[in-house]
Amino acid sequence: MFGYFKLMYPAPLSEPIRTRDSNAYLLDTLRMSGLNLRNDFGVGRKIWRVFSFTYNMLVLPISFPINYTIHLAEFPPDLLLQSLQLCLNTWCFALKFFTLVIYMARLELANKHFDELDEYCKTPVEKRKLRDAVAAITRLYLTFCVVYILYATSTLLDGMFHDRVPFNTYYPFVNWRLDRTQLYIQTFLEYLTVGYAIFVATATDSYPVIYVVALRTHILLLKDRVIHLGETSSSSEGTNDADFMFTSLVDCIKAHRTMLNFCEAIKPIISGTIFAQFIICGSILGIIMINMVLFADQSTRFGIITYVMAVLLQTFPLCFYCNAIVDDCNELADALFHSAWWMQDKRYQRVALQFLQKLQQPMTFTAMNIFNINLATNINVAKFAFTVYAIASGMNLDEKLQIQET
């Protein structure tokens, strides 16, 4: 997919690595989708941008409703539910893609804040931890790619096994129900176009957790520095220990301020998209449960399972790491309180207490300022999915759809 898979592995200290390298693959995917992140687009790429934007934000989302309008009577229950869950996800995908188009400058702003944070990583231990984090985040993004490609391929194989198209989108001059030739043509077109959208979705779905995990890395590094604040240290050039310790404290405060600036840069991108994702994810999981329990056969269930993995990747890792960041911020405040600030001079103590007061407010991410992004919210989404399934079971939806089909 890319020409430098070496980022999967921790780089040696002799090789320059920055935190922004953790999202290098992600930004390359967005650039392939038409986002001009480097301001170097020529005529050919601008034409590709028009095609990509039109397809991802307009053609693909409306192709499902058009297909339902024309061919609804020809949908069996399992195929209808399978198509409906993908339809909801494409609407959310279009929203996320549009948000990135609007706020793509904030991604570069966030990377600039990462560059500022990298300047505070001076010791070999910190540089090693930074390289380990870049490799781990890169592998996390590639996990998204593997799961999404597995879903697309399994859906293709399931469609070929059942003599139907994999994604059931609408093409105006092709009807796969008429003959096998048109079936093969539409299958090829769908795997090419929808597969491209799934490839782009690896970036639109993973960018929140990629940036949040990178932020958490610097929070943990800052916590390690804060733990050692106030400890007796000697300067190589005869600088007073008090001045050295005060400078170390100021550097920690500046790093924390940069993290808050990073949060302000990235929050507007995450807030709206994750809110829509939470709402749609619960509905999608409910539809998946109905389809898997009531209608799907054994061969179709494998594709459904891979789709569940893809849907869970859209919310669970982000909620987990946002939850972890809140805990890390609380531990950061405790680390400063238990450091040797009380042994320093009045200037140091005054600044340390102000810093401690600021640390009482953890870094949190919210969805449209309505609810926090954390594991509790993710659990509520899962509960909503069970509610959707319970309502369908109570209405005997399986019997009604089977009767309508016959």
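The structure presented is a predicted model; accordingly, all values stated were derived computationally and were not measured. Note that residues are indexed from 1 along each chain, following the sequence as it is written. Per-residue local features of the predicted model are confined to residues with pLDDT of at least 70, and side-chain atom pairs are confined, for both listing and counting, to 80 or more; whole-chain, interface and lining totals are unaffected and use all residues. Excluded from the side-chain calculations are hydrogens and water; all other atoms, namely the structure's heavy atoms, are used.

Caption draft 1: Quick look at the overall build of the protein. Under the DSSP-based scheme used, a helix requires at least four consecutive residues in state H or I and a strand at least two consecutive residues in state E, with every element numbered from the N terminus. For the protein, the helix and strand inventory stands at 11 helices and 2 strands. Going residue by residue from the N terminus, the α and β elements of the protein occur as α-α-α-α-α-α-α-α-α-β-β-α-α. Principal-axis analysis of the C-alpha atoms gives the protein an extent of 85 × 55 × 30 Å. When each of the 406 residues of the protein is scored for burial, the buried share is 51%. Should any heavy atoms of two residues lie within 4.5 Å, those residues are considered in contact. In the protein, the share of contacts with a sequence separation of at least 24, taken over all contacts with a separation of at least 6, comes to 79%. Exposure was quantified through the Shrake-Rupley algorithm and a 1.4 Å probe, taking into account, for residues, occlusion by the shown protein chains and nothing else. Accessible surface for the protein amounts to roughly 19,200 Å². Of this, 64% is attributable to carbon and sulfur atoms. Positive and negative charge centroids in the protein, built from 33 and 34 side chains respectively, lie 5 Å apart. Relative accessible area decides the class of each residue, using a 1.4 Å probe on protein chains only: under 20% of the type maximum gives buried, over 50% gives exposed, and in between gives partly exposed. Only four residue types enter the charge count: Lys and Arg as positive, Asp and Glu as negative, with His and the chain ends excluded. Charge positions come from single atoms, namely NZ of Lys, CZ of Arg, CG of Asp or CD of Glu.

Caption draft 2: Fine view of the confidence of the model for the protein. Confidence of the prediction at every residue is given by pLDDT, a number between 0 and 100. Across the protein, pLDDT averages 86, with 91% of residues at or above 70. When pLDDT is averaged over each element of the protein, helix α5 (residues 180-227) comes out on top at 93 and helix α11 (residues 397-405) at the bottom at 53. Here residues 234-239 is a poorly scored stretch, pLDDT under 50, and it has 2 contacts once near neighbours within four places are set aside; other chains count.

Caption draft 3: The arrangement of a nonpolar patch on the surface in detail. Residues qualify for a patch when their relative accessible area is over 30% and they have no salt bridge, like charges being joined within 9 Å and the nonpolar side chains of Val, Leu, Ile, Met, Phe, Trp and Tyr within 5 Å. By salt bridge we mean one thing: a side-chain nitrogen of Lys or Arg within 4 Å of a carboxyl oxygen of Asp or Glu. The grouping of Leu-58, Val-59, Ile-62, Ile-66 and Ile-70 at the surface amounts to a nonpolar patch, some 390 Å² of accessible area in total. Examined against the element boundaries, Ile-66 turns out to sit in helix α2 (residues 43-71). The class for Ile-66 is partly exposed, based on a relative accessible area of 32%.

Caption draft 4: Here's a closer look at helix α1 (residues 24-32). The buried count for α1 comes to 8 of 9 residues, which makes it a mostly enclosed element. Structurally, α1 contributes buried residues whose contacts are with α2, α3 (77-118), α4 (124-161) and α5. Downstream of α1 by a residue or two, Gly-34 has a phi angle that is positive, lying close to 115°.

Caption draft 5: Representation of helix α8 (residues 316-337) within the structure. The length a helix should cover is 1.5 Å for every residue beyond the first. Between its terminal C-alpha atoms α8 stretches 32 Å, which fits the 32 Å expected from 22 residues at 1.5 Å a residue. All of the buried residues along α8 are Pro-317, Leu-318, Cys-319, Cys-322, Ala-324, Ile-325, Asp-328, Cys-329, Leu-332, Ala-333, Ala-335 and Leu-336.

Caption draft 6: Looking closely at the packing of aromatic side chains. Two rings from Phe, Tyr or Trp (for Trp, the six-membered ring) form a pair when their centres sit within 6.5 Å of each other. Planes less than 30 degrees apart are called stacked, planes more than 60 degrees apart edge-to-face, and all others tilted. Scanning the entire structure with this criterion turns up 15 aromatic pairs. Summarising the aromatic geometry, the rings of Phe-144 and Tyr-148 are spaced 6.2 Å apart at their centres and angled 50° between planes, so their arrangement reads as tilted. Taken together, the residues span about one helical turn, with Phe-144 and Tyr-148 both in helix α4 at a distance of 4 residues. An aromatic cluster is present here, built from Trp-48, Phe-51, Tyr-55 and Tyr-196 joined pairwise through their rings. The criterion for a charge sitting over a ring is simple: Lys NZ or Arg CZ within 6 Å of the ring centre, and within 35 degrees of the ring normal. Just above the ring of Phe-365 sits the side chain of Lys-267; from NZ or CZ to the centre is 5.9 Å. In this structure, Arg-347 packs its charged tip against the face of Phe-246, placed 4.0 Å from the ring centre.

Caption draft 7: Layout of unusual backbone geometry. The backbone of Asn-168 shows a phi angle near 55°, a positive value even though the residue is not glycine. Along the chain, Asn-168 falls in the loop between α4 and α5.

Caption draft 8: Region of interest: the packing of α3 against α5. Close contact between α3 and α5 brings their axes to 11 Å; oriented N to C, the two are set at 30°. It follows that α3 is roughly parallel to α5 by the angle criterion. Every pair of crossing elements has a handedness; the one defined by α3 and α5 is left-handed. Taking contact as the criterion, the partners of Phe-93, Lys-96, Phe-97, Leu-100, Leu-107, Ala-110, Asn-111, Phe-114, Leu-117 and Asp-118 in α3 are, on α5, Ala-197, Val-200, Ala-201, Thr-204, Asp-205, Tyr-207, Tyr-211, Ala-214, Leu-215 and His-218. When its residues are assigned to classes, the contact of α3 with α5 shows 14 nonpolar, 3 polar and 3 charged. Helix axes use the C-alpha atoms of the stretch in contact, all axes being lines fitted to C-alpha atoms, and the angles between their N-to-C directions lie in the range 0 to 180 degrees. Roughly parallel means an angle under 35 degrees; roughly antiparallel, over 145; roughly perpendicular, 65 to 115; everything else is oblique. Definitions for this section: a left-handed crossing has its near helix turned counterclockwise from the far helix by less than a right angle. A right-handed crossing has that turn clockwise. Polarity classes work like this: nonpolar for Ala, Val, Leu, Ile, Met, Phe, Trp, Tyr, Cys and Pro, charged for Asp, Glu, Lys and Arg, and polar for all others, with Gly in that last group.

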